Amino acid sequence: MSIDPARNSFQSVLQNLVCNICIEHPYHGIIQLIALANGNNVVRSKKEDMFTANVQKVEAVKKILQRIRNSGSLFVAELVDSYNILVDSYISLAMLPTDKFVQKGMQKNIHFSNIREISKHLQLPRCLRSRSQYMPCILTKPPKVQADANYGNGDTDPIGSERIQSFESSFSLTDSGIHRPKIVVCRGSCGGSFKQLVKGDDDIRQDAVMQQVFSSMNVFLKNEKKEALGGRDLRLITYRCVPLSPATGVLEWVENTIPIGTYLTTSATGAHDRYYPGEWGNSLCRLHMQCSPPSQKRASFDEVCRHYSPSFRFFFLENFSTPQLWHHARMIYTRSCAVSSMVGHILGRLQYCSLVSDQLSASFVLHLFIDRFFLNRHR
């Protein structure tokens, strides 16, 4: 088979471009290449058959990484090794089974030293101990892109970020979720503390793309004339998603937030139980709707409404104590909901699987289920 000279030339230009990007902007490019190089790292995933790796692409990316190590400075070469070690440690934790912890009621402060399934050198608190210099940046807080490509050369922290100093010696599991993601705390070189969500058996690459889309939408909204928006400050709350392989990734923990369902329906402590203790509970309402025949759905819904009073308004009364703060919080919430709805309508069929409200600003944070997003856009 003859090789197309034009295609071969394009591949050469593309590889040179990728190498230059990673050498000049290592904190932004290297982690992306490592994620691609892990394209076939799904052996322990329950969804292994769902992930089909392009072997040629994986091998090509590995060659590019080796080329970067050989042609870049000592700083870049060492940084590639540090990121590889860090990513392997994250993936080991992400794929750690959680069933035994849940069964034993061990969901908080699980010490890494007690985990036998992960080799000691791959445990997050230990993985970078031998690398005192050229440490990676916090994955969920990358530095700002610098036009002069000055990121401190490994001697100082890059502008807008911190390098990893250490990890807390224990981790926790989330209270809910199909795969029970792990919560870790990463400490930065400037003293910052960064909580992160480490997810396994879940493809967050599409989540990462959608967060980039949301960030672009914020740029459009910011550049729009205020008169066109009625003077409203419209924006979407975003968070960092860093894929590490097709089945693992790290997400930024959004501080001071609570799932709306948790606030409303948690047994005994939820707002509905506290303000309407004699009414039907959430489970009873769901059961009533499930057991009603199709012809009686509307009547059953009306019956549920008579026995289940709305209680989300108390969120604003409890968290914003003055009339001015209360009114401002409600306006921020409704506007952020409106922006989220408009963006979701434009982009296509997005399903809201978790709605979270910021307890400090009342902003609306979306956690989207978007497995079918790209499929729907290409039908």
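Residues numbered from 1 in each chain as written. Predicted model: local features only at pLDDT ≥ 70, side-chain atom pairs only at ≥ 80, totals over all residues. Heavy atoms only, no water.

## Section: the overall build of the protein
Part 1 of the argument: Looking only at helices and strands, the protein features 14 helices and ten strands.
Part 2 of the argument: With an accessible surface of roughly 21,600 Å², the protein has 53% of that area assigned to carbon and sulfur atoms. (Helix = DSSP H or I, 4+ residues; strand = E, 2+ residues; numbered from the N terminus. Areas by Shrake-Rupley, 256 points an atom, 1.4 Å probe, with all protein chains shown as cover.)

## Points about the packing of aromatic side chains
Part 1 of the argument: Within the structure shown, the criterion is met by 16 aromatic pairs.
Part 2 of the argument: Ring centres of Y90 and F167 lie 5.9 Å apart, and the angle between their planes is 85°; on these two criteria the pair is classed as edge-to-face. Of this pair, Y90 sits in helix α4 (residues 74–94) while F167 sits in strand β2 (residues 164–167), placing them 77 residues apart in sequence.
Part 3 of the argument: Classification of F167 as buried rests on a relative accessible area of 7%.
Part 4 of the argument: Centre to centre, the rings of Y263 and F315 are 5.4 Å apart; their planes meet at 85°, and the pair counts as edge-to-face. Taken together, the residues Y263 in helix α8 (residues 260–265) and F315 in helix α12 (residues 313–319) connect sequence positions 52 residues apart. Summarising the burial analysis for this pair, Y263 and F315 share the class buried.
Part 5 of the argument: Site record: aromatic cluster; members linked through ring pairs are Y263, F312, F315, F316, F320 and Y333. (Phe/Tyr/Trp six-rings, centres within 6.5 Å; stacked < 30°, edge-to-face > 60°. Buried < 20%, exposed > 50% of the residue type's maximum accessible area, 1.4 Å probe, protein only.)

## Overview of the environment of L347
Part 1 of the argument: Structurally, L347 is set in helix α13 (residues 323–347).
Part 2 of the argument: Taking C-alpha positions, L347 is 9.7 Å from M210, a pair spaced 137 residues apart along the chain.

## Regarding the state of the cysteines
Part 1 of the argument: Enumeration according to the criterion identifies zero disulfides in this entry.
Part 2 of the argument: Cysteine C186 is unpaired, with the sulfur of C127 as its nearest cysteine sulfur at 9.3 Å. (Disulfide = S-S within 2.5 Å.)

## With respect to unusual backbone geometry
Part 1 of the argument: A positive phi is found at Y134, a non-glycine position, where the angle reads about 60°.
Part 2 of the argument: In this fold, Y134 is placed in the loop between α6 (124–127) and β2.
Part 3 of the argument: Even without a glycine there, the phi angle at D201 is positive, about 60°.
Part 4 of the argument: Topologically, D201 is positioned in the loop between β5 (193–200) and α7 (205–223).

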